[in-house]
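What the coordinates show
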Amino acid sequence: MRAPRSVVLSALACLVLPGVAFARCEGHVPQPKPQNTFPQDVGRSFDRILEEGWIEFAVYEDFPPWSIEEKGEAHGVDVEIGKLVAAALGVEPRFRLVQAGETLDADLINYVWKGAVVGGHVSDVMLHVPYDSDYACRIEQVTFTGQYAREAIAIAYDKAGYPDKGPTPSYFRFDTVAVENDSISDFHLTSLLGPVDKIRRYRSTALAVEALAGGETMAAMGPRAQLQAGIAAHPVAALAVHEPPLVGMARGKWTLGVAVNFQHKDLAYAVDDALAAALADGRIAAIFQAYGLTFEPPPR
């Protein structure tokens, strides 16, 4: 259950800001672009989606609590959010669980604006895409819209080991901490503390929390929602999550939204309207509450 590195590491590379920065792009200094393809019609138009009566969302596979397949069906926070959008459009939701690439660029190419080289197709909407205005200016083939939540790096800990307050990264010079290998948390702690032997690396954040619950470490560090989901899977353990100041971490929080092929602006506007309505009336907050997660709304 490895978190998509393209999403989590993009939070390091991108300053996450609200909105699709059309005006800001007017003064954008061109940078090397990942797209070098001839113009072509890609994906389905909004009218075709309405006519055919279904919409496909790309979501990351094996990524609880956001998206995961169980007994042949997709479940998770992002899946529930996709269902809200489909209901607002009056169509059937379909979910395509996709593998994460090494970069967000690769995921957007494969699932939003071009399609994989072999046997690939683009989905109508991709969920769980981090926001950044500079990045939106650079990736011209994609419309970034539909902000629906904020995610943050946090620390889960054993309350027996820290009865007064939760630990900060400096504690891990002496106390053991579990992290996902090659994650933001791993990079941050290694940069901050150096090659200390208290950092224990695991294949996923879920396994890091499992190590904490099993007493192998005193804490685990990673994305807040994944830590909370991991704790929920181990209700017997006396574990808690907090968000201490992370000195030296420039990208400790990021906004989540959606990506749509740039040729289908009307679809992007409709999805954005659906998500804005679901935020305003509390339906998205209710999804997070149902999963036992902290809901932090996107910046206005």
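Bear in mind that the values here come from a model prediction, so they are computed numbers and not experimental data.

Structural notes on helix 6 (residues 104-113)
- Among the 10 residues of helix 6, 8 are classified as buried, and the element is accordingly described as predominantly covered.
- Regarding helix 6, the residues found buried are Leu104, Asp105, Asp107, Leu108, Ile109, Tyr111, Val112 and Trp113.
- Count one or two residues on from helix 6 and you reach Gly115, which has phi positive near 105°.

Focus: unusual backbone geometry
- In the segment running from Pro64 into Pro65, the intervening peptide bond is cis, with an omega of 5°.
- Mapped onto the fold, Pro65 is located in the loop between strand 1 (54-60) and strand 2 (68-70).
- With a phi close to 65°, His128 is a non-glycine residue in the positive phi region.
- For His128, the position within the fold is in strand 5 (residues 125-130).

Concerning the pattern of salt bridges
- Within this structure, the stated rule accounts for 13 salt bridges.
- Look at the salt bridges and you will find they share partners, linking Glu151, Arg224, Glu243, Lys253 and Glu296 into a network.

A few points about the side chain of Ser183
- Within the secondary structure layout, Ser183 lies in the loop between strand 7 (177-180) and helix 8 (184-193).
- A residue is classified by how much of its surface remains accessible, and Ser183, at 8% relative accessible area, is buried.
- A polar atom in the side chain of Ser183 sits 2.7 Å from the backbone oxygen of Glu180.

Examining the pairing of strand 11 (residues 253-261)
- Burial analysis of strand 11 places 8 of its 9 residues in the buried class, the great majority of the element.
- As paired strands, strand 5 and strand 11 are joined by 3 bridges and run antiparallel to one another. Note that in strand 11 the partner of Pro130 across the bridge is Leu256.
- Two elements, strand 6 (residues 142-158) and strand 11, share 8 bridges in a ladder whose sense is antiparallel. Along strand 11, the bridge assignment pairs Glu151 with Trp254.

About the thresholds
Residues numbered from 1 in each chain as written. Predicted model: local features only at pLDDT ≥ 70, side-chain atom pairs only at ≥ 80, totals over all residues. Heavy atoms only, no water. Buried < 20%, exposed > 50% of the residue type's maximum accessible area, 1.4 Å probe, protein only. Helix = DSSP H or I, 4+ residues; strand = E, 2+ residues; numbered from the N terminus. Salt bridge = Lys/Arg side-chain N within 4 Å of Asp/Glu carboxyl O. Polar contact = N/O pair within 3.5 Å; in protein donor to acceptor, adjacent residues only side chain to side chain. Pairing = 2+ DSSP bridges.

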